[in-house]
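Spelled out, the chains give:
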Amino acid sequence: MKDLTFGTMIAVFEEMFGRGLFWFLVVAAVVITLAYIYVLIRDRSVSMKKFLWAQLSMPFGAVAAVALVLWVTKSSLSDLGGPIDVIIFLGIAALGAVGLSILVYTAGSLIAPPERSEG
Amino acid sequence: MNRRQFITLSAAGALLGASAHTAPAQTVKTSASIVIIGAGAAGTSLANRLVRRLDGAKITIVDPSERHLYQPGLSLVAAGLKPADYVVSSTAHWLPDGIDWIAEAATEIDPEARTVTTSGGQTVRYDFLVVAPGLVLDHDAIEGFSLDMVGENGIGALYAGPDHAARTWAAASKFTEEGGVGVFTRPATEMKCAGAPLKHTFLIDDIARTNGNAGKTEIIYANNSQALFGVPIVAEKVRMLFQDRGIAPALSHVLKRVDAGRRIATFDTPEGEKELGYDYLHVIPPQRAPDVVRQSGLSWADKWTDQGWVEVDMQTLRHLRYPDVFALGDVAGVPKGKTAASVKWQVPVVEDHLVAAIAGSEGTASYNGYTSCPMITRVGRAMLVEFDYQNNLVPSFPGIIAPLEELWISWLMKELALKPTYNAMLRGEA
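Cut-offs applied
Residues numbered from 1 in each chain as written. Chains lettered and ligands numbered in written order. Predicted model: local features only at pLDDT ≥ 70, side-chain atom pairs only at ≥ 80, totals over all residues. Heavy atoms only, no water. Helix = DSSP H or I, 4+ residues; strand = E, 2+ residues; numbered from the N terminus. Rg over C-alpha atoms; globule rule 2.2 N^0.38 Å. Buried < 20%, exposed > 50% of the residue type's maximum accessible area, 1.4 Å probe, protein only. Polar contact = N/O pair within 3.5 Å; in protein donor to acceptor, adjacent residues only side chain to side chain. Contact = heavy atoms within 4.5 Å. Core = buried A, V, L, I, M, F, W, Y, C linked by side-chain atoms within 4.5 Å. Buried area = accessible area lost by both parts, 1.4 Å probe. Salt bridge = Lys/Arg side-chain N within 4 Å of Asp/Glu carboxyl O. Nonpolar A, V, L, I, M, F, W, Y, C, P; charged D, E, K, R; others polar. Pairing = 2+ DSSP bridges. Axes fitted to C-alpha atoms, helices over the stretch in contact; angles between N-to-C directions. Patch = residues over 30% accessible without salt bridge, like charges linked within 9 Å, V, L, I, M, F, W, Y side chains within 5 Å. Areas by Shrake-Rupley, 256 points an atom, 1.4 Å probe, with all protein chains shown as cover. Expected span 1.5 Å × (residues − 1). Bend = angle between axes of the 7 residues up to and from the residue.

Draft legend 1. Seen up close, the overall build of chain B. Scanning chain B from terminus to terminus reveals 10 helices and 24 strands. Expected size for 430 residues packed as a compact globule is a radius of gyration near 22 Å; at 23 Å, chain B falls within 12% of this value. Across its three principal axes, chain B shows a C-alpha extent of roughly 70 × 65 × 40 Å. By the burial criterion, 58% of the 430 residues in chain B qualify as buried.

Draft legend 2. Representation of the side chain of B:Thr217 within the structure. Residues and elements named next belong to chain B. Secondary-structure assignment places Thr-217 in strand β15 (residues 217-222). For Thr-217, a relative accessible area of 14% gives the class buried. A polar side-chain atom of Thr-217 sits 3.3 Å from the main-chain carbonyl oxygen of Ala-214. Apart from residues no more than four positions distant in its own chain, Thr-217 is found in contact with Phe-175, Gly-179, Gly-180 and Ala-208.

Draft legend 3. Up close: the nonpolar core. Residue and element names in this part refer to chain B. Formed by 123 residues in total, the largest nonpolar core has its most connected members in Ile-34, Ile-36, Leu-50, Leu-129, Val-131, Leu-328 and Met-375. Of the residues forming this core, the biggest block, nine residues, is contributed by helix α9 (residues 340-359). Those residues in contact with Leu-328, other than ones at most four positions away along the chain, are Ala-42, Leu-46, Val-130, Val-131, Ala-132, Leu-317, Gln-346, Val-347 and Val-350. Within the second largest apolar cluster, 19 residues are counted, among which are Ile-142, Val-181, Ala-250 and Ala-260.

Draft legend 4. Highlighting the interface of chain B and chain A. Taken together, the contact pairs 41 residues of chain B with 37 residues of chain A. Between chain B and chain A, roughly 3300 Å² of surface is buried when both sides are summed, and carbon and sulfur atoms account for 68% of that area. In this assembly, chain B and chain A are joined by two salt bridges. One salt bridge connects A:Glu15 with B:Arg427, and the closest N-O pair in it is separated by 2.4 Å. Inspection of the chain B/chain A interface yields 11 residue pairs in polar contact (both at pLDDT 80 or more). Mapped onto the side of chain B that touches chain A, the elements with two or more residues apiece are α1 (3-18), α9, β24 (381-387) and α10 (408-426) of chain B. It is α10(B) that contributes the most residues to the side of chain B that touches chain A, 11 residues altogether. For the side of chain B that touches chain A, a count of residues per class yields 23 nonpolar, eight polar and 10 charged.

Draft legend 5. Spotlight on the sheet that holds strand β17 (residues 254-259) of chain B. Residues and elements named next belong to chain B. The strand order β17-β18-β19 describes an open sheet built from three strands, whose pairing is antiparallel. Because the sheet does not close on itself, it has two edges, and the strands there are β17 and β19 (272-277). Recorded for the sheet is a direction-independent mean angle of 30° between the axes of neighbouring strands. With six bridges joining them, strand β18 (residues 264-269) and β19 adopt antiparallel strand pairing. Bridge pairing in β19 links Phe-267 to Lys-274.

Draft legend 6. Structural context of a nonpolar patch on the surface. Residues and elements named next belong to chain A. Where nonpolar side chains cluster on the molecular surface, the patch consists of Met-9, Phe-13, Phe-17, Leu-21, Phe-24 and Leu-25 and spans about 530 Å² of accessible area. Listing elements by their share of the nonpolar patch, those giving two or more residues are α1 (6-17) and α2 (19-43). Within the secondary structure, Phe-17 sits in helix α1. Judged by relative accessible area, Phe-17 falls into the partly exposed class, the value being 37%.

Draft legend 7. Local environment of unusual backbone geometry. Residues and elements named next belong to chain B. One non-glycine residue, Leu-317, lies in positive phi territory at about 65°. Relative accessible area serves as the criterion here: at 0%, Leu-317 is assigned to the buried category. Despite not being glycine, Asn-391 has its phi angle at roughly 65°, a positive value. Along the chain, Asn-391 turns up in the loop between β24 and α10. Judged by its relative accessible area of 26%, Asn-391 falls in the partly exposed class.

Draft legend 8. Expanded view of α10(B). Residue and element names in this part refer to chain B. Between the first and last C-alpha of α10 there are 27 Å, a value that for 19 residues agrees with the 27 Å anticipated at 1.5 Å per step. Of all the bends in α10, the greatest, near 50°, is centred on Ala-417, and the proline Pro-420 appears no more than four residues after it. Burial analysis of α10 places 15 of its 19 residues in the buried class, which makes it a mostly covered element. Downstream of α10 by a residue or two, Gly-428 has a phi angle that is positive, lying close to 80°.

Draft legend 9. How the structure looks around α9(B). Residue and element names in this part refer to chain B. Between its first and last C-alpha atoms α9 spans 28 Å; for 20 residues at 1.5 Å apiece the expected length is 28 Å, and the two agree. Bending of α9 peaks at approximately 25° at the position of Gln-346, with proline Pro-348 no more than four residues after it. In terms of burial, α9 is largely enclosed, as 16 of its 20 residues are buried. Positive phi appears at Gly-360, one or two residues downstream of α9, with a value of about 80°.

In structure tokens, the structure reads:
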């Protein structure tokens, strides 16, 4: 790849998703991350109950992310051919797991804030 | 943090991302006239880059086609993996503002008078000319074959464009279901993407296997020479893959004649003509420079005389006799480089030398023959094959993506990232 700069990557991602959708996804990811940090700061502690739900959601996030990539690219698990493929595969699963758990935790905290006595 | 601070912070984050776009390169003031023949991958990409580099230049692009074709997608269309419109976009969509597009064919180039004449009778004078019209597929060179046969009687020809690629799949898919003898060819001339004939062979074989018809199919790859690929280490890998998959190579077989009624293909071989019966035949005709180039006196006089590629320096792509002329893409008379990936490497080189010439200096960029081919070996796997003039492998991700290994990640790149990268290149951003 010639000149694989940050600018090139952005241009490629804009073409991949369409400019509007790409920046919408970037903003969505930033907003969810900030919301996550916001609830952590607001609540001053991690709610173990919500954390449990977030953890329980992780396998679903992992499976969903992998299934999405396989479906979009018309491939199957038997196509994994080398170590880098396994690393990419696990990476996609990890991103899906962490992404969904953050979403679940944040959504839970925003919808049902802890009662005052808890904090 | 209150709600307002939080929103401000989010917006700042988004802006930070938006500002990551490439900074404008230094511009050169000029009143030079630049004519680009061809609005394909090379011509379009160069036009987009030149408008950013030159202030005041008169840039004219000459191309009759309203449709822009993403040619790397044709092999996917011909295997039923993408619809025909996957490769089609509008030429106008990619061209920058501030240039003239003459939607006519170039019919005459006069490098002495520095003019280009178009099919509509316009004559355009240039200070610098970039020849990038692509190549022509010489279907008439195959006796008994014509493009209207494609899609019927077991004949495919995916190079001929999106509609023919879709019709190729119609014929090929029948073969993957019914079985029989599949004969896959490639021409003896230089050709665009020498990996595509192999990709089509591998894909049709794989799809027949997936359909449970491996036992009913016999696949023959008719190769023009003794080596299955121009780069020895890749040729050897292809030989092993063929052996593994039971694909029979017919070496030094060049398609000469098609008898569609009897389903017999006749080949020129060192031992004389040979006939192969087929149930599916994939035709790739000889490829040559367009007539306008061959009649202009810009072609090599002592190399590729039956093909007419433009006589340019291998490193700078500048014409060896007319320094105000450059050639890009398929038409350039260099030993490698008839792929979109090569164009991506070539365009910045020509840009550098062209802008330097206008500024009165010498360019420094050099093209090393980089050519790349994500060689699909089955649905879901590909080998990332990248090489240069010296037949060296030049992997983009050394130590991470092994070049001659069939990998899922290489398939992911072809499926997800290649067209976006191509489009970004057209815009001059990659």
